[in-house]
Amino acid sequence: MSGSEAADAKKLVRSASGLRMVPELRAARSPFGLDEPPWVPDKECPRCMQCDTKFDFITRKHHCRRCGKCFCDKCCSKKVPLPRMCFVDPVRQCAECALISQKETEFYDKQLKVLMNGASFFVTLGTSDKSELMVCRLSNNQRYLVLDGNSHYEIEIVQISTVQILTEGFTPGEKDTHTYTSLLESQHITEGGNTRAIGMILQYKVPGSEELTQMKFTASEDYSSNKKLSASWLAAMHKATKLLYESRDQ
Ligand SMILES: [Zn+2]
Ligand SMILES: [Zn+2]
């Protein structure tokens, strides 16, 4: 049976930070997941790490669940969902972390669904000059890109080494100016911006091979009604890749 749609068993665990629902096998965890940070030990922080207020019996210390640092109640009062660490309920976070988590909530609420619903692309493998119309989507367990057409591919997300989003300008006359946008610099791909994502180049490792395989995705010109869907899918993929890069830095 293929690994992409396996229903990964989950278990409820309680950590100092709260209740979490995690996959039983570590290998089955989502590539978007983050590890819980170690908490800064109590004896190492006599003062709030944000406002420098001294802790005592009245001013109690709290740990931010995202960064593990120590804060007073005022500086660490927000409870925000943190799906990347699998918390069941919103958890206490410092102002800086709360902001990041709130942005990620949007990814979980919107873009992740777009990715799982899928979109159609012309897919070209390697240096081949043939392309195939395929539906591309993220698997339910978030671990694979699944491509379906006459052929079938499953690309494990953790095996993807680079993602390039191809864009075109909206400005009349510049329609044919394609720019290759490297992932980390590209902040301007949004659904409402003045560039639109029209394709993507992936490089990934096939298990058992040392070489990178390249796959190119092009939004179909012939299916105009799907073009917007493909652009949204690519914008969501762009956001997903940024999250992945961050979790690799850990
Ligand atoms: Zn404080
Ligand atoms: Zn924090």
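Read on for a plain summary of the structure. Here the residue numbers are simple positions, counted from 1 along each chain's written sequence. Whichever chain is written first becomes A and whichever ligand is written first becomes 1, with later ones labelled in order. Since the coordinates come from a predicted model, pLDDT governs what is reported: local features require at least 70, and pairs of side-chain atoms require 80 or more to be given and counted, while whole-chain, interface and lining totals use all residues.

Remarks on the overall build of the protein chain
Starting at the N terminus, helices and strands are each numbered in turn, a helix being any DSSP run of H or I of at least four residues and a strand any DSSP run of E of at least two. Along the protein chain, the regular secondary structure elements total two helices and 14 strands. Burial statistics for the protein chain: of 250 residues in total, 27% are counted as buried. Each residue is represented by a C-beta atom placed from its backbone, and any two residues with such atoms within 7 Å are regarded as in contact. Look at the contacts in the protein chain between residues 6 or more apart in sequence, and 52% of them connect residues 24 or more apart. Each residue is classed by its C-beta neighbour count within 10 Å, where at least 20 other C-beta atoms makes it buried, 12 or fewer makes it exposed, and intermediate counts make it partly exposed; the C-beta atoms are placed from backbone geometry.

Section: the pairing of strand β10 (residues 152-156)
Both strand β9 (residues 144-148) and β10 contribute to a ladder of five bridges, which runs antiparallel. Each residue of the ladder has a partner; that of Leu-147, found in β10, is Tyr-153. Here a strand pair is declared whenever DSSP counts at least two bridges between the two strands. What sits between β9 and β10 in their antiparallel hairpin is a turn of three residues.

Structural notes on the environment of Pro-83
Among the secondary structure elements, Pro-83 is positioned in the loop between β5 (78-80) and β6 (91-93). Given 19 C-beta atoms within 10 Å, Pro-83 falls into the partly exposed group. The spatial distance from the C-alpha of Pro-83 to the C-alpha of Tyr-108 is 7.8 Å, given a sequence separation of 25 residues.

Regarding the environment of Glu-156
Within the secondary structure, Glu-156 is located in strand β10. For Glu-156 and Val-146, which are ten residues apart along the polypeptide, the C-alpha to C-alpha distance reads 8.7 Å. In contact with Glu-156, not counting residues within four places along its chain, are Arg-143 and Tyr-144.

Describing the nonpolar core
For the purposes of this analysis, a nonpolar core is taken to be any set of buried Ala, Val, Leu, Ile, Met, Phe, Trp, Tyr and Cys residues that are connected through C-beta atoms within 7 Å. Of all hydrophobic cores here, the largest spans 32 residues; its most connected members are Leu-115, Met-200 and Leu-234. Broken down by secondary-structure element, the contributors of at least two residues to this core are α1 (95-117), β7 (119-125), β8 (132-138), β9, β11 (160-169), β13 (195-205), β14 (212-219) and α2 (224-248). In terms of residues, this core owes the most to one element, α2, which gives eight residues. Domain start and stop positions are those given by an automatic or database domain assignment. Counting residues domain by domain, this core receives three or more from each of domain 1 (10-114) and domain 2 (118-248). Residue contacts for Met-200: discarding those within four places in its chain leaves Val-163, Gln-164, Ile-165, Leu-166, Phe-217, Leu-234 and Met-237. Of all hydrophobic cores here, the second largest spans ten residues; its members include Cys-64, Phe-71, Cys-72 and Cys-94.

Quick word on the pairing of β7
Both β7 and β8 contribute to a ladder of five bridges, which runs antiparallel. The residue bridging Phe-121 from the neighbouring strand is Met-134, located in β8. Hairpin connection from β7 to β8: six residues lie between these consecutive antiparallel strands, with Gly-126 at a positive phi of about 60°. In terms of strand pairing, β7 meets β14 through five bridges, oriented antiparallel. Across the sheet, Phe-122 pairs through a bridge with Thr-218, a residue of β14.

Here's the deal with unusual backbone geometry
A positive phi angle, near 65°, is found at Cys-86, a position not held by glycine. Relative to the helices and strands, Cys-86 resides in the loop between β5 and β6. Using a count of 21 C-beta atoms within 10 Å as the deciding quantity, one classes Cys-86 as buried. For Gln-142, which is not a glycine, the phi torsion comes out positive at approximately 70°. Mapped onto the secondary structure, Gln-142 falls in the loop between β8 and β9.

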